[in-house]
Amino acid sequence: MTRVIAHPNIALIKYWGKADGPGNIPATPSLSITLDTLCTTTTVEDAPRDEIRLNGQVTTDAKVAKFLDQLRREFQVPPLSIESTNNFPTGAGLASSASGFAALITAIDAHCGLNMDATRRSQWARRGSGSAARSVFGGFVSLQPPDWAAQPLRPASDWPLTVVIAITDTERKTVSSSHGMERSRLTSPYYPAWIDSTQAAWREGRNAVEQRDFNALAAIAEHSTLAMHALMISSRPPLLYWNPASLAVIHTIRGLREAGVPVFFTIDAGPQVKAVCLPEVADSVASSLRSLPGVVTVMNVGLGPGASVVDA
Ligand code: DP6
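To keep things clear, this report deals only with the structure shown in the data block. (Residues numbered from 1 in each chain as written. Predicted model: local features only at pLDDT ≥ 70, side-chain atom pairs only at ≥ 80, totals over all residues. Heavy atoms only, no water.)

So, on to the site of the ligand. Taken together, 18 residues surround the ligand, and among them Y15, K18, G130, S131 and S178 come closest. Here an oxygen atom of the ligand and a side-chain polar atom of Y15 are 2.7 Å apart. Between an oxygen atom of the ligand and a side-chain N or O atom of S131, the distance comes to 2.6 Å. For the ligand, the protein covers 93% of the area, taking 460 Å² as the surface of the free molecule. It is helix α5 (residues 177-187) that provides the largest number of residues to the shell around the ligand, a total of three residues. Split by domain, the shell around the ligand shows at least three residues from each of two domains, domain 1 (2-157) and domain 2 (162-302). (Near = heavy atom within 4 Å. Polar contact = N/O pair within 3.5 Å; in protein donor to acceptor, adjacent residues only side chain to side chain. Areas by Shrake-Rupley, 256 points an atom, 1.4 Å probe, with all protein chains shown as cover. Helix = DSSP H or I, 4+ residues; strand = E, 2+ residues; numbered from the N terminus. Domains from an automatic or database assignment.)

Let us now look at the sheet that holds strand β1 (residues 2-6). Ordered by their spatial adjacency, six strands build an open sheet running β6-β5-β7-β4-β1-β14, and the pairing between neighbours is mixed. On the outer flanks of this sheet lie β6 (57-59) and β14 (308-311), each paired with one strand and no other. Across this sheet, the average inter-strand angle for adjacent strands is 30°, counted without regard to direction. Two elements, strand β4 (residues 40-46) and strand β7 (residues 80-86), share seven bridges in a ladder whose sense is antiparallel. From the neighbouring strand, D46 faces β7, where its bridge partner is L80. Packed onto the sheet, helix α2 (residues 96-112) meets β1, β4, β7 and β14 and runs at close to 35° relative to β4. (Pairing = 2+ DSSP bridges. Axes fitted to C-alpha atoms, helices over the stretch in contact; angles between N-to-C directions. Contact = heavy atoms within 4.5 Å.)

A few words on the packing of helix α1 (residues 62-74) against α2. Each pair of packed helices can be summarised by the angle the axes make with each other and by the distance between the axes. It is the contact of α1 with α2, at a shortest axis distance of 12 Å, that shows an interaxial angle of 35°. Two packed elements cross with a definite hand, and for α1 against α2 that hand is right-handed. For the pair α1 and α2, contact is made by K63, V64, F67, L68 and L71 and by F101, L104, I105 and I108, respectively. A per-class count over the contact of α1 with α2 returns eight nonpolar, no polar and one charged. (Left-handed = near helix turned anticlockwise from the far one by under 90°. Nonpolar A, V, L, I, M, F, W, Y, C, P; charged D, E, K, R; others polar.)

An α-helix turns once every 3.6 residues. As a result, residues three or four positions apart point the same way. Over its 20 residues, helix α7 (residues 214-233) extends 28 Å from the first C-alpha to the last, a length consistent with the 28 Å expected when each residue adds 1.5 Å. What α7 keeps buried is the set F214, L217, A218, I220, A221, E222, S224, T225, M228, H229, L231 and M232. Where α7 is buried, its residues touch β2 (9-13), α5, α6 (191-211), α8 (244-258), β11 (263-266) and β12 (273-277). Structurally, the start of α7 carries an N-cap: the backbone nitrogen of N215 is 3.3 Å from a side-chain oxygen of D213. (Expected span 1.5 Å × (residues − 1). Buried < 20%, exposed > 50% of the residue type's maximum accessible area, 1.4 Å probe, protein only.)

Have a look at this one:
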């Protein structure tokens with residue numbers, strides 16, 4: 001039996017869109033922060049046949065089945081019982097597939113002795129879900145060409161930030177990231193402009209992280225979020241992930257920053273808004289967001305480590 005813990009990550013420079021061909025290669029580079037506190041715990045053990053349990057329920061997850069098929073074309077992997085538990089809501093824009101696939105490949109690698117290094121695990125995690133490549137590493141992480149393995153840029157301890165997560169809806173989202181990306185590629189008139197602009201955004205984000213320049217990171221991260229959502233909204237049918245509370249949180253965060261509070265927002269394929277801030281203002285940011293109508297829960301989390309084996 002092998003047990004692994006992995007944490008979700010949040011992209012500050014967004015991945016949205018896939019390159020043609022196999023391997024789930026993103027069409028855009030991205031940059032993220034890995035969280036602490038929220039986690040996926042995955043246990044694998046030998047079994048007479050594959051059995052997958054997610055949060056205690058037996059499931060037939062097509063993405064996991066495809067992932068295991070691909071892995072078995074290259075490695076000897078026996079039938080496995082896989083049990084995965086999230087301590088946060090699944091499929092509500094909190095990147096459960098990122099921590100899920102990072103945990104899964106790390107657990108299978110250790111359990112079956114596949115001898116992968118972190119770069120290889122990241123490439124395999126990417127095949128399961130693009131964002132999962134980044135959760136193999138902790139702190140600030142980049143995912144870029146040519147090999148599309150994630151790279152750690154800075155450990156969490158180098159630049160401690162707090163993420164205040166404002167949950168505005170706990171239902172599972174209706175359009176998955178994979179389907180949404182494909183819809184944007186096929187239908188949005190802005191798709192080529194989005195692809196063209198992401199390289200420069202990624203470079204700007206990377207420089208801001210290298211220099212630990214909070215204001216520069218705030219500006220480019222909010223731009224990346226809004227450009228991605230403009231693309232989503234311009235898809236047909238439109239992908240409009242925000243609800244009124246999401247918008248109220250955006251405006252509140254913009255107001256706080258104008259008043260000199262070091263905080264910015266980022267939003268993925270769901271209605272939750274994450275406020276990224278310096279730790280000393282986290283409690284006051286959290287209480288501003290908690291009082292907004294439609295905000296269901298607010299959680300403060302720090303930056304955390306990459307996927308690791310906790311029990312072998
Ligand atoms: C908006 O990694 O979930 O969170 O590769 O199809 O599994 P697949 O997509 P996924 O998409 C993440 C999209 C995003 C932005 C990001 O995390 O970069």
